[in-house]
Amino acid sequence: MKAVAIGGGPAGLFFALLLKRADPRHEVVVYERNHPEDTFGFGVVFSDATEKALEHADPVVSGAMTALNHRWDDIEIHYRGSALTSTGHAFSGLSRKTLLGILAERCRAVGVKLCFQRDISDPETLRDADVVLAADGANSVVRERYREAFRPETDTRPNRFVWLGTTKPFPAFTFYFKRDEHGLWRVHAYQYEPGRSTFIVEAREETWRSAGMDRADEAGTIAFCERLCREELAGHRLISNRSVWRSFPTIRNEKWHHENVVLAGDAAHTAHFSVGSGTKLAMEDAIALVGSLVRRDRIPDALAAYEAARRPAVESLQRAAQASLQWFEDTERYMDLEPLQFAFTLLTRSLRVTHENLRLRDPAFVARVDEWFARQASARAGVPVATVPAPGAAPATGTGAPAAASVAPSTTAAPPPMFTPFRLRDMVLVNRVVVSPMCQYSAEDGTPGDWHLVHLGTRAMGGAGLVFAEMTDVSREARISPGCTGLYKPEHAPAWKRIVDFVHRHTPARMAIQLGHAGRKASTRRLWEGDNEPLPEGNWPIVAPSGIPYYPHSQVPREMTRSEMDEAKADFVRAAGLAQEAGFDLLEIHMAHGYLLASFISPLTNRRTDEYGGPLENRMRFPLEVFDAVRGAWPAEKPMSVRISAVDWHPEGMTPAESVEVARMLEAHGCDVVDVSAGQTVPDQRPVYGRLFQTPFADRIRHEVGIATMAVGNISSYADVNTILAAGRADLCLLARAHLWDPYWTRHAAHELGYPLRWPDPYETLNQYRPRFT
């Protein structure tokens, strides 16, 4: 095989080395436009897991790296005059120049031909090779030459940063958050060899411009940063190496291979430096690509297999990097947090490091976080929190629960965040776990039956603090499907009361009702018969703010008149009265997912030209009228929430910034908590799914508006719940599918965490029971 690598960075060199090692008969050439001594940048970072993967791929390279790297376990955070340290993180730093030297030397040793100072301006000149690797970085010439095949996208981020070095040896991976008259500056610093550290300074663009850095040359940048960080540098100097201010480009490609040309490293994808992953990804790409080439006879099959194998892991890490970079873009939002919570929020910013990960790495730090969180929760709820046995202490009598694995100075420790109380008006929840509203499509003319009693009763017995009934429609015409529940007939109230009374009688859970009107998504089939598909027969007239059908083949809604809006508002008020008769503790109005009220809010579905269309303030007019009317009918001591879609996942739809304004309006009208969902407004949405993918929207609204929020969307583990809560990203966590899969999800979480969650009296024997799962 003849293979050429364009680019002599970590991806190109490691690929060449591994391919030549796999079969010395291969002819492998690396072309690099710069001189070997011209490397740019300072240090690169590796985790222990990455180092093990590199050792398996080439022990010689790994051994040379280990001999020269600088290791640290601690992360040190300097914030508002406090210095907080978390340990157990196990990373290492290495000079980029040293790494490239190790790789180049190893390439020469196995017979790879290295051609430095060779600028390949047109990769077509090398297409006679069997494989052409584009490893020429974020500004890849190769990728641009075949742009139509790779279809790249670049998201240039707003923050500005400069990559510097310093002679100061930092003992830990260190973050500084420092204000001056221009704004807030972030510093990321870590040692990579004796007497040398990376020192990255980052700021919002307005801060950067205010400081005059948009006009500064390298010397001016160095002088400013040394003045800014005089105390932190402690007499040490900063070092430049093409240290110009940049904006980070997040690069994605629709395809990674074209005929015999294949992308790797930054040419294929980038991940923000705050997760330290560029070099890691590049070298892992090389391992995967060589593995695919060795295992397959045909080059096209090998390149396709490489992309299929690597893309999921890369995209997952890019999502984590996106969450991390957005945290640094929005750090100003968190500058009022208590130091301990700020540190926890920073450490878990990628949504991949969890409360449980940190507990295993640094139990003392997490114990402090849990104790602080429990004190805050107890004070705000006005009730004491339960404690759990500390390590070495006997379990509380009758709980049958193992001791919690955390550090505490006494025989008890604070409970995990999910098992702390939460108050909304006069309603106090015993924990922060919520069963999300989930349509069952199993009612008869809106009346809930035995299915709903068992469905909701079981999940209340399962330990959740709050249990939502499904979206319950305020009129017969407001139903999504013929099987939807309702609160529009007098007999509905006692049917719901039967369920609510069961939950109140046998569990400490509180019950919530979600009132909605399906709007243009009404008169459709049950979920399993065809989601959002119109009924084949028996349709009823549907209404919406504008006469726009959901699908082209869907029923066309009638544009609502003022009198029809008044009727709908009256339906909501009537339903609220029936909900009160049924004994519900919390009432939520559904203003999300493209249903009636959401359709007024979104510009995609509201094309009205009267006072209820146009700017956001007008589009919110009718939803707020409904909210006010229901709030007036609902008891003052009972809380109300609203579910919103924070983003429509469509370029012309609602944006996260607009959802902040929606929440601000709701808070001004007396809403107690916002249930933050997303999308489902239009069928051609392009959602960005992933772990906790909607949590950042709840986080933003909570901090920018100052209102309590509920997080929902791909939350499945107790580690996720504890992380969201302890970091202050939301106040309650809603789980849907997790509760369908496991009605006793909360009890299983309590068991795993060692929390003594008592069973209802008829199940009293389980308080001494120790289950085995294997």
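The structure reproduced in this document is the subject of the present report. Since we're looking at a predicted model, the values are computed, not measured. (Residues numbered from 1 in each chain as written. Predicted model: local features only at pLDDT ≥ 70, side-chain atom pairs only at ≥ 80, totals over all residues. Heavy atoms only, no water.)

### As for the pairing of strand E2 (residues 27-32)
Of all 6 residues that make up E2, 5 are buried, and the element is covered over most of its length. Strand direction decides the pairing type here: strand E1 (residues 2-6) and E2, joined by 5 bridges, are parallel. Paired with alanine 3 across the two strands is valine 28, which belongs to E2. With 4 bridges connecting them, E2 and strand E8 (residues 113-116) associate as parallel partners. Its bridge partner lying in E8, valine 29 is registered against lysine 113. (Buried < 20%, exposed > 50% of the residue type's maximum accessible area, 1.4 Å probe, protein only. Helix = DSSP H or I, 4+ residues; strand = E, 2+ residues; numbered from the N terminus. Pairing = 2+ DSSP bridges.)

### Points about the pattern of salt bridges
The final tally for this structure, using the stated rule, is 53 salt bridges. The partner of arginine 71 in a salt bridge is glutamate 51, and the shortest N-O contact between them spans 2.9 Å. Here glutamate 51 lies in helix H2 (residues 48-57) and arginine 71 lies in strand E4 (residues 70-72), a separation of 20 residues in the sequence. Of the residues examined, arginine 71 reaches a relative accessible area of 39% and is grouped as partly exposed. For the salt bridge of glutamate 144 with arginine 143, the shortest nitrogen-to-oxygen distance reads 3.4 Å. Glutamate 144 gets classed as partly exposed once you look at its relative accessible area, which sits at 36%. (Salt bridge = Lys/Arg side-chain N within 4 Å of Asp/Glu carboxyl O.)

### Focus: the nonpolar core
In this structure, Ile77, Phe177, Met418, Phe584, Leu587 and Ile589 are the most contacted members of the largest nonpolar core, which totals 122 residues. Counting residues per element, this core draws most heavily on helix H17 (residues 562-582), at 8 residues. With near-sequence residues (within four places) excluded, phenylalanine 177 lies in contact with Ile77, His78, Leu184, Trp185, Arg186, Trp327, Phe328, Thr331, Met335, Phe342 and Leu346. (Core = buried A, V, L, I, M, F, W, Y, C linked by side-chain atoms within 4.5 Å. Contact = heavy atoms within 4.5 Å.)

### Let's talk about the sheet that holds E8
The strand order across the open sheet formed by 6 strands is E8-E2-E1-E9-E17-E16, and the pairing between neighbours is mixed. Unpaired on one side and paired on the other, E8 and strand E16 (257-258) mark the two borders of the sheet. In the sheet, E16 pairs with strand E17 (residues 261-263) via 2 bridges, with the strands oriented antiparallel. Counted as the bridge partner of histidine 257 is valine 262 from E17. The sheet contacts of helix H11 (residues 299-329) involve strand E9 (131-134), E16 and E17, and relative to E17 the element is tilted by about 15°. (Axes fitted to C-alpha atoms, helices over the stretch in contact; angles between N-to-C directions.)

### Let's talk about the environment of asparagine 722
Tracing the backbone through its elements, the reader meets asparagine 722 in helix H23 (residues 718-726). Asparagine 722 sits 609 residues away from lysine 113 along the chain, and the two C-alpha atoms are 53 Å apart. Beyond its immediate stretch of four places on either side in the chain, asparagine 722 contacts His355, Pro416, Pro417, Met418 and Leu753.

### Things to note about the packing of helix H1 (residues 10-22) against helix H4 (residues 96-110)
Two elements in contact, H1 and H4, have axes separated by 9 Å at closest approach and are oriented at 25°. By the angle between their directions, the pair H1 and H4 is classed as roughly parallel. The chirality of how H1 crosses H4 is left-handed. Contact residues: H1 offers Pro10, Leu13, Phe14, Ala16, Leu17, Lys20 and Arg21, while H4 offers Arg96, Leu99, Leu100, Leu103, Ala104, Arg106, Cys107 and Val110. (Parallel < 35°, antiparallel > 145°, perpendicular 65-115°, else oblique. Left-handed = near helix turned anticlockwise from the far one by under 90°.)

### Looking at the layout of surface pockets
Of the pockets and cavities examined, the second largest pocket occupies roughly 1,500 Å³. Along its surface, the second largest pocket is lined by 43 residues, and Arg252, Arg319, Gln322, Trp649 and Val688 are the ones closest to its centre. For the lining of the second largest pocket, the elements supplying multiple residues, two or more each, are strand E10 (152-166), strand E15 (246-253), H11 and helix H22 (695-705). In terms of residues, the lining of the second largest pocket owes the most to one element, H11, which gives 9 residues. Looking at the lining of the second largest pocket residue by residue, the classes come out as 16 nonpolar, 8 polar and 19 charged. (1 Å grid on protein atoms, 1.4 Å probe; cavity = no way out; pocket = protein on both sides within 12 Å on 5 of 7 lines; lining within 4 Å. Points joined across faces, edges and corners; volume = space filled by probe spheres on them. Nonpolar A, V, L, I, M, F, W, Y, C, P; charged D, E, K, R; others polar.)

### Examining the state of the cysteines
Summed over all chains, the structure comprises 0 disulfides. There is no disulfide at cysteine 229, and the cysteine sulfur nearest it, in cysteine 225, is 6.3 Å away. Looking at cysteine 229, the relative accessible area reads 2%, which means it is buried. Free cysteine cysteine 439: the closest other cysteine sulfur is in cysteine 484, separated by 5.2 Å. Its relative accessible area of 24% is what places cysteine 439 among the partly exposed residues. (Disulfide = S-S within 2.5 Å.)

### Thoughts on the packing of H17 against helix H20 (residues 621-633)
Their axes nearest at 9 Å, the elements H17 and H20 cross at an angle of 35°. The handedness of the crossing between H17 and H20 comes out as right-handed. When H17 is examined against H20, the residues Arg562, Met565, Ala568, Lys569, Phe572, Val573 and Ala576 are found in contact with a partner set consisting of Phe622, Glu625, Val626, Ala629, Val630 and Ala633. Looking at the contact of H17 with H20 residue by residue, the classes come out as 10 nonpolar, no polar and 3 charged.

From the geometry alone we can't say anything about function, so treat these as descriptive.
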